[in-house]
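Residue-level structural notes
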Number of protein chains: 2
Amino acid sequence: VVFQGVEGAYSQKATLAFFGSEVETSAVETWRDAMEAIAEGKADYAVLPIENSTAGIVAQNYDLLLEYDVSIVGEQVIRIQHALLANQGAELSDIKTVYSHPQALMQCSCYLEQTHSQWEKKAMRNTAEAALKVRNDKDISQAAIADIQNAEIYDLQVLEEAIQDNKDNETRFIIVSGEKKFLKTADKVSLCFELPNETGSLYHTLSHFIFNGLNMTKIESRPRPGKNWDYRFFIDFQGNLEQEAVQNALLGLKEETESFKILGNYKAWA
Amino acid sequence: VVFQGVEGAYSQKATLAFFGSEVETSAVETWRDAMEAIAEGKADYAVLPIENSTAGIVAQNYDLLLEYDVSIVGEQVIRIQHALLANQGAELSDIKTVYSHPQALMQCSCYLEQTHSQWEKKAMRNTAEAALKVRNDKDISQAAIADIQNAEIYDLQVLEEAIQDNKDNETRFIIVSGEKKFLKTADKVSLCFELPNETGSLYHTLSHFIFNGLNMTKIESRPRPGKNWDYRFFIDFQGNLEQEAVQNALLGLKEETESFKILGNYKAWA
């Protein structure tokens, strides 16, 4: 199973939570690399963050789901508690620069803007990579925002715990496979389609869910690359592909939309 | 009319396009400062970017619309053509660092990642501020990504034109007032509501649009601050608040949602 980042990344934590501690994990540099690894058959699964309860969707991963021929086979929600980590001997008053992933910086914006607005904030590809950088640079003016377990992994000290704005901060990860796998016990469908920006197109489309009694749990729109003001919609709804109501709705949607794609049918995290 | 940035910002361009060249404009440092200025009556209107056709919504401005008691009174779409600007005498091979707004960096990601992946990318609050910084630093290894007119304003030279991925790149700006103004000729309603993450809640809500024959043109969801996996929805639909179908739908929505708010009824940009 591939995840993006280095040892100690939240994606690794989600991987272990979903597959158990015996699973063989491998770190890659970017989310795209994770998709490539399963597309090329080098890994069976990739685990990618898709949405955070404070900062919103991870837009790039929605876009990657369309670019690669993969399917979502599961989801895992984990609690995200960010800690401020620094080198041994550093004090809070020594810190001048803080490194983390842009999403993590956003999730700690009250702490960073109100209490430490003078700190320089620098974006890294991953929270655990930020911890690794601080350890390698051995500079007491640097801190990383990352999961507290990185203190132990990278021999750093914890200057502050749980600095994220929302104390119940959670991230939802998707488990992606290079093979099409629709599970019999699945109860959640994720799909995507594109619509021209025409009067009534969104109206007609959503009516397929409503008239078939299907419960949408999420709807996201993203700009369609290269087509101004046309949208790509990502919709989650409750159901299994073997149900008649689901098949009816999908048939109607497929006829009235463009680039229609079922992203997965899997067991919802509850 | 207040806009965020400095002389030459795209927001200023949108302001002049909407109000005409005679309007008195004033620059503020942040989008929040623009909202404060109209809330305190220091300005009549604020012009804020809300969505780009390549990079998607400007999430912070959606959130600010809820935080301040303001209304949208109009919208303006302008074409965004990013140029690479540098100090006089600099050549493309001299450039090591490129400054711009994170959205502009995203809009030029093909150019930056494929052609110049070795350049360091640094985030500024505004594209025109990036041009100003490059001018002030007088360092030939620096470049800014900004509107081409900043070359003239800040005495910079144009190294490349139209480097954004999407040649038809456009941004939609909203015109916001501190007073509630619903125009008689308005044909677009923007509203917002929050929903608990319960089975069927989104289903019931959207049916008010469909059963009243109202055409939704946009739906966005944002996480609800401090409430995990509850969502705030932003919906645009065609209509005027004086129409009976609109009043029926709003009445139903108000009863079944939380924090229901009409953000504006204004003339859609066509």
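The sections below set out a description of the structure shown in this document. Predicted model, so just to flag it, every value in this text is computed and none were measured.

Quick look at the environment of Asp168 of chain A now. Residues and elements named next belong to chain A. Assignment of secondary structure puts Asp168 in the loop between strand 10 (157-160) and strand 11 (170-177). A relative accessible area of 43% places Asp168 in the partly exposed class. For the pair Asp168 and Ala27, spaced 141 residues apart in sequence, the C-alpha separation works out to 27 Å.

Residues and elements named next belong to chain B. Compared with an ideal rise of 1.5 Å per residue, which puts 13 residues at 18 Å, helix 9 (residues 244-256) spans 19 Å between its outermost C-alpha atoms and is within 8% of the ideal. Buried residues of helix 9: Val246, Ala249, Leu250, Gly252 and Leu253, and no others. Around the axis of helix 9, the buried residues are gathered within 165° of arc, so they sit on the same side. Seen from the open side of helix 9, the exposed residues pointing more than 90 degrees away from its buried face are Glu244, Leu251, Lys254 and Glu255.

A few words on the side chain of Glu194 of chain A. Residues and elements named next belong to chain A. Mapped onto the elements of the fold, Glu194 is located in strand 12 (residues 188-195). In this structure Glu194 comes out as buried when scored by relative accessible area, which is 6%. In terms of polar contacts, Glu194 uses its side chain to reach the side chain of Arg232, at 2.8 Å.

Residue and element names in this part refer to chain B. The sheet built from 5 strands is open, its strands ordered 8-7-9-6-10 with mixed pairing. Strands at the two margins of the open sheet, each flanked by one partner only, are strand 8 (120-123) and strand 10 (157-160). Pairwise comparison of adjacent strand axes, ignoring direction, gives a mean angle of 35° for this sheet. In the sheet, strand 6 (residues 82-86) pairs with strand 9 (residues 142-147) via 5 bridges, with the strands oriented antiparallel. Opposite Ala86, over in strand 9, you have Ala143 as the bridge partner. Running at roughly 150° to strand 9, helix 6 (residues 127-137) makes contact with strand 6, strand 7 (97-100) and strand 9 of the sheet.

This part takes up the packing of aromatic side chains. Per the stated rule, a full pass over the model turns up 15 aromatic pairs over all chains. Aromatic ring contacts, followed pair by pair, group Phe18, Phe19 and Tyr45 of chain A into a single cluster.

A few words now on the state of the cysteines. Counted according to the given criterion, the structure contains 0 disulfides over all chains. No disulfide involves Cys192 of chain A; its nearest neighbouring cysteine sulfur is the one of Cys110 of chain B, lying 19 Å away. For Cys192 of chain A, a relative accessible area of 0% puts it in the buried group.

Before going further, it helps to examine the relation of the copies chain A and chain B. When chain A is brought onto chain B, the operation consists of a screw motion whose angular component is 180° and whose axial shift is 0.0 Å, with 0.0 Å RMSD remaining. Such a combination of rotation and displacement between the chain copies is what one expects of a two-fold axis. Of every C-alpha in chain A, the one belonging to Glu220 of chain A sits nearest the axis of rotation, 3.1 Å from it. A share of 100% of the interface residues of chain A reappears at the interface of chain B, consistent with the copies meeting face to face through the same patch.

Another aspect to go through is unusual backbone geometry. Residues and elements named next belong to chain A. Positioned with a positive phi, Ala162 is a non-glycine residue whose angle comes to about 45°. Assignment of secondary structure puts Ala162 in the loop between strand 10 and strand 11. Phi angles above zero are rare outside glycine, and Ser259 is one such case at about 50°. By the secondary structure assignment, Ser259 is in strand 15 (residues 258-266).

Contact geometry of helix 8 (residues 201-211) of chain A with helix 8 (residues 201-211) of chain B gives a least axis separation of 10 Å together with a crossing angle of 130°. Looking at the two axes, helix 8 of chain A sits oblique to helix 8 of chain B. In the packing of helix 8 of chain A onto helix 8 of chain B, the handedness of the crossing is left-handed. Contacts between helix 8 of chain A and helix 8 of chain B pair Tyr203, Leu206, Ser207, Phe209, Ile210 and Phe211 of chain A from the former with Tyr203, Leu206, Ser207, Phe209, Ile210 and Phe211 of chain B from the latter. Here the residues of the contact of helix 8 of chain A with helix 8 of chain B are counted per class, giving 10 nonpolar, 2 polar and no charged.

Reading the values: rules and limits
- Residues numbered from 1 in each chain as written.
- Chains lettered and ligands numbered in written order.
- Predicted model: local features only at pLDDT ≥ 70, side-chain atom pairs only at ≥ 80, totals over all residues.
- Heavy atoms only, no water.
- Helix = DSSP H or I, 4+ residues; strand = E, 2+ residues; numbered from the N terminus.
- Buried < 20%, exposed > 50% of the residue type's maximum accessible area, 1.4 Å probe, protein only.
- Expected span 1.5 Å × (residues − 1).
- Arc of directions from axis to C-beta.
- Polar contact = N/O pair within 3.5 Å; in protein donor to acceptor, adjacent residues only side chain to side chain.
- Pairing = 2+ DSSP bridges.
- Axes fitted to C-alpha atoms, helices over the stretch in contact; angles between N-to-C directions.
- Contact = heavy atoms within 4.5 Å.
- Phe/Tyr/Trp six-rings, centres within 6.5 Å; stacked < 30°, edge-to-face > 60°.
- Disulfide = S-S within 2.5 Å.
- Least-squares fit on C-alpha atoms with pLDDT ≥ 70 in both.
- Parallel < 35°, antiparallel > 145°, perpendicular 65-115°, else oblique.
- Left-handed = near helix turned anticlockwise from the far one by under 90°.
- Nonpolar A, V, L, I, M, F, W, Y, C, P; charged D, E, K, R; others polar.

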